Amino acid sequence: ILTLFLAGHETSATSLTWMLILLSQNPEAMARAKQEATEVLGENKMRLEDLGKLSFIRRVIDEGLRLYPPAWIVGRKALTEDVVYGFTVPKGHNIIVSTYLIHRHPDFWENPDKFDPDRFLPERANPEQHKYAYFPFGGGPRMCIGNSFALMEMTILLALILQRFDPRAGKETWEMKPMVTLRIKGEVPFFV
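Residues numbered from 1 in each chain as written. Predicted model: local features only at pLDDT ≥ 70, side-chain atom pairs only at ≥ 80, totals over all residues. Heavy atoms only, no water.

Caption draft 1: Region of interest: the layout of surface pockets. If you add up the space inside the largest pocket, you get close to 920 Å³. If you trace the largest pocket, you find 26 residues lining it, with Val-84, Ile-95, Val-97, Ile-102 and Tyr-132 closest to the centre. Broken down by secondary-structure element, the contributors of at least two residues to the lining of the largest pocket are strand E1 (73–77), strand E2 (82–84), strand E4 (94–98) and helix H4 (99–102). (1 Å grid on protein atoms, 1.4 Å probe; cavity = no way out; pocket = protein on both sides within 12 Å on 5 of 7 lines; lining within 4 Å. Points joined across faces, edges and corners; volume = space filled by probe spheres on them. Helix = DSSP H or I, 4+ residues; strand = E, 2+ residues; numbered from the N terminus.)

Listed below in structure tokens is the structure:
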């Protein structure tokens, strides 16, 4: 439980900040997300049954995690020798995989640097897309244990923020500060 809360705090908070920045930079998406939050929640508090009705907000989260994955690199150790794109990876060597670069690779994503939450609409899904073209929580047996909790938490928080406030980022462009997580360099002023 301690790991879930400690590891999940910074990742979720940083991700939500990136999502609010992305919405601030995309007024049409902001309006759609605010409208959905208002229509689903009205003046009420969030209820469990509301989660499934927040489909656009959930796509905003998926797209935000694609563009700015909190775990922007993932390290693994090669269990056996392998050849990857013509390069031999010896057994026992450490491998670094960049989630950030894969999530923006043009072989996997159309207009990979564009913020487009609707790319996650079911009708736009590509059944031939590699299963690790999108993996903000890792994958396989080492997948983040808190992924379902994080998605629920971010959906609830983003909907409640948009229901109550009109957040606008204090500036247009932001620099990344890649550390253990993909942070934002400097302070992040928002106006409501």
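Caption draft 2: Main features of the environment of Lys-131. Mapped onto the elements of the fold, Lys-131 is located in the loop between H4 and helix H5 (147–164). Of the residues examined, Lys-131 reaches a relative accessible area of 65% and is grouped as exposed. Placed 42 residues apart in sequence, Lys-131 and Thr-173 show a C-alpha to C-alpha distance of 31 Å. (Buried < 20%, exposed > 50% of the residue type's maximum accessible area, 1.4 Å probe, protein only.)

Caption draft 3: Geometry of the packing of helix H2 (residues 27–41) against helix H3 (residues 55–67). Where H2 contacts H3, the axes come no closer than 8 Å and their chain directions differ by 135 degrees. Relative to H3, the element H2 lies oblique. Within the contact between the two elements, H2 uses Ala-29, Arg-32, Ala-33, Glu-36 and Ala-37 and H3 uses Ser-55, Phe-56, Ile-57 and Arg-59. Class assignment for the residues of the contact of H2 with H3 results in five nonpolar, one polar and three charged. (Axes fitted to C-alpha atoms, helices over the stretch in contact; angles between N-to-C directions. Parallel < 35°, antiparallel > 145°, perpendicular 65-115°, else oblique. Contact = heavy atoms within 4.5 Å. Nonpolar A, V, L, I, M, F, W, Y, C, P; charged D, E, K, R; others polar.)

Caption draft 4: Examining the packing of aromatic side chains more closely. The tally for this structure, following the rule as stated, stands at five aromatic pairs. With a centroid separation of 6.0 Å and 45 degrees between ring planes, the pair formed by Trp-109 and Phe-120 is classed as tilted. Here Trp-109 is found in the loop between H4 and H5, whereas its partner Phe-120 is found in the loop between H4 and H5, with eleven residues between them in sequence. Geometrically, the ring pair formed by Trp-109 and Tyr-134 is edge-to-face, given 6.2 Å between the ring centres and 75 degrees between the ring planes. With Trp-109 in the loop between H4 and H5 and Tyr-134 in the loop between H4 and H5, this residue pair connects regions lying 25 residues apart in the sequence. Note on Trp-109: relative accessible area 7%, which makes it buried. Through pairs of rings, three or more aromatic residues link up here, namely Trp-109, Phe-120 and Tyr-134. (Phe/Tyr/Trp six-rings, centres within 6.5 Å; stacked < 30°, edge-to-face > 60°.)

Caption draft 5: The nonpolar core, seen in detail. In terms of nonpolar packing, the biggest core is built from 35 residues, with Leu-23, Ile-57, Ile-61, Met-154, Leu-158 and Leu-162 touching the most fellow members. By residue number, the principal contributor to this core is helix H1 (residues 2–25), which donates seven residues. In this structure Leu-162 touches Leu-23, Met-30, Ala-33, Lys-34, Ala-37, Ile-57 and Pro-167, once residues within four positions along its chain are discounted. (Core = buried A, V, L, I, M, F, W, Y, C linked by side-chain atoms within 4.5 Å.)

Caption draft 6: Quick look at unusual backbone geometry. A positive phi angle is found at Tyr-85, which is not glycine, with a value near 50 degrees. If you trace the backbone, Tyr-85 turns up in the loop between E2 and strand E3 (87–89). The class of Tyr-85 is exposed, set by a relative accessible area of 80%. At Asn-111, a position not held by glycine, the phi torsion is positive, near 45 degrees.

Caption draft 7: Highlighting H3. Between the first and last C-alpha of H3 there are 18 Å, a value that for 13 residues agrees with the 18 Å anticipated at 1.5 Å per step. In terms of burial, H3 is largely enclosed, as eleven of its 13 residues are buried. Those residues of H3 that fall on the buried side of the exposure criterion are Phe-56, Ile-57, Arg-59, Val-60, Ile-61, Asp-62, Glu-63, Gly-64, Leu-65, Arg-66 and Leu-67. (Expected span 1.5 Å × (residues − 1).)

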